[in-house]
Number of protein chains: 2
Amino acid sequence: MTTSQLKGNLELLLLAVLRGGPLHGYAVIAGLRERSGGSFDLPEGTIYPALHKLEREGLVLSSWEDAAGRRRRIYELTPRGERALAHQSEQWHSFVRGVNAVLSVVTP
Amino acid sequence: MTTSQLKGNLELLLLAVLRGGPLHGYAVIAGLRERSGGSFDLPEGTIYPALHKLEREGLVLSSWEDAAGRRRRIYELTPRGERALAHQSEQWHSFVRGVNAVLSVVTP
DNA sequence: TCGTCATACCTAGACAATCTAGGTATTGGT
DNA sequence: ACCAATACCTAGATTGTCTAGGTATGACGA
């Protein structure tokens, strides 16, 4: 529905969703879609590579699960991932403040 | 000071700053820096090309001014630019709502 | 007077994030 | 028997921002 364009916040979003508990990649996509009210309906080609990158960075770790003949890769936050989430969360809020400050030039 | 990364919102920021009245490029940079409290201290190599693009898109128009032997290119919003600002402003706010909704998964 | 800083503009190419478009395989419903 | 949904994957295109270079003027202190 809504036009996407994650604007460099995908990492934050993924960490936030995983904060709710371990999830496999496909469920991460569904989770983002639901929790954002449909705003963030992201293609697999965006999510999977991003999760791989998070793992390379040590912010999440993954394990294979074999549920009903279906292989799923389950991701969960590492302690470093939680710290990164806290940090990026702060950065996000300060970014929002910055943009809103500039926008409020228009209507003070 | 703060790490930049405009995250695809530069166009919105430029339009917002110009909403306060016509400015030349260098003043746009200063304006962004001041109004954001120093958060957005953007390099010229980011701003100038972005302004050129806005002009190609018809959202701003420019004229040369010769003040004290100094050539300056003055930018101002077009009606289309004002409409774009309104539209992108809305998109920005809904994007913020989306991200915040996902973030609040963590702390409901 | 000489250098250097701030003003004021510019562009080419590098880099990084996201998306497109393809691929594989299983399960479940019609 | 077939197709949709689930579930994973990657290569390459596209786009936005930044780096790093360039030009030229005016003001200021040494």
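Let me begin by describing the structure that accompanies this report. (Residues numbered from 1 in each chain as written. Chains lettered and ligands numbered in written order. Predicted model: local features only at pLDDT ≥ 70, side-chain atom pairs only at ≥ 80, totals over all residues. Heavy atoms only, no water.)

## Details of the protein's contact with DNA strand C
In step 1: Near DNA strand C lie 27 residues; those nearest to it are Thr 46 and Arg 70 of chain A together with Tyr 26, Glu 44 and Arg 72 of chain B.
In step 2: Taking the atoms of DNA strand C that fall within 4 Å of the protein, sugar and phosphate contribute 62% of them.
In step 3: The separation between a phosphate oxygen of DNA strand C and a polar main-chain atom of Gly 8 of chain A is 2.9 Å.
In step 4: One nitrogen or oxygen atom from the main chain of Tyr 26 of chain B is found 2.4 Å from a phosphate oxygen belonging to DNA strand C.
In step 5: Elements with a contribution of two residues or more to the surface near DNA strand C: helix 3 (44-56) of chain A together with helix 2 (25-35), helix 3 (44-56) and strand 3 (70-77) of chain B.
In step 6: Here the surface near DNA strand C takes 5 residues from helix 3 of chain B, the largest share from any one element.
In step 7: Residue classes in the surface near DNA strand C are distributed as 8 nonpolar, 11 polar and 8 charged. (Near = heavy atom within 4 Å. Polar contact = N/O pair within 3.5 Å; in protein donor to acceptor, adjacent residues only side chain to side chain. Helix = DSSP H or I, 4+ residues; strand = E, 2+ residues; numbered from the N terminus. Nonpolar A, V, L, I, M, F, W, Y, C, P; charged D, E, K, R; others polar.)

## Concerning the relation of the copies chain B and chain A
In step 1: For the match of chain B to chain A, the screw axis carries a shift of 0.0 Å, the RMSD comes to 0.0 Å, and the turn is 180 degrees. Look at the turn and shift together and you get a two-fold axis relating the two. Scanning chain B for the C-alpha nearest the rotation axis identifies Lys 7 of chain B, at a separation of 2.1 Å. (Least-squares fit on C-alpha atoms with pLDDT ≥ 70 in both.)

## A closer look at the packing of helix 2 (residues 25-35) of chain A against helix 3 of chain A
Residue and element names in this part refer to chain A.
In step 1: As a packed pair, helix 2 and helix 3 sit with axes 10 Å apart at the nearest point and diverge in direction by 120 degrees. Classified by the angle between their axes, helix 2 and helix 3 sit oblique to one another. When the axes of helix 2 and helix 3 are compared, the crossing they make is right-handed. Contacts between helix 2 and helix 3 involve Gly 25, Tyr 26, Val 28, Ile 29 and Leu 32 from the first element and Glu 44, Ile 47, Tyr 48 and Leu 51 from the second. (Axes fitted to C-alpha atoms, helices over the stretch in contact; angles between N-to-C directions. Parallel < 35°, antiparallel > 145°, perpendicular 65-115°, else oblique. Left-handed = near helix turned anticlockwise from the far one by under 90°. Contact = heavy atoms within 4.5 Å.)

## Some points on the sheet that holds strand 3 (residues 70-77) of chain A
In step 1: Reading across from one edge, 1-3-2 (chain A) is the order of the 3 strands in this open sheet, with antiparallel pairing throughout. Both outer strands of the open sheet, strand 1 (23-24) and strand 2 (60-67) of chain A, are each paired with one neighbouring strand and no more. (Pairing = 2+ DSSP bridges.)

## Description of the sheet that holds strand 2 (residues 60-67) of chain B
Residues and elements named next belong to chain B.
In step 1: The antiparallel open sheet is built from 3 strands, whose spatial order is 1-3-2. Pairing within the sheet leaves two strands with one partner each, and these edge strands are strand 1 (23-24) and strand 2.
In step 2: Relative to strand 3, strand 2 runs antiparallel, the two sharing 8 bridges. Paired with Trp 64 across the strands is Arg 73, a residue of strand 3.
In step 3: Its contacts with the sheet place helix 1 (residues 10-19) against strand 1, strand 2 and strand 3, and it is angled at close to 100 degrees to strand 3.

That is the geometry; function is a separate question.
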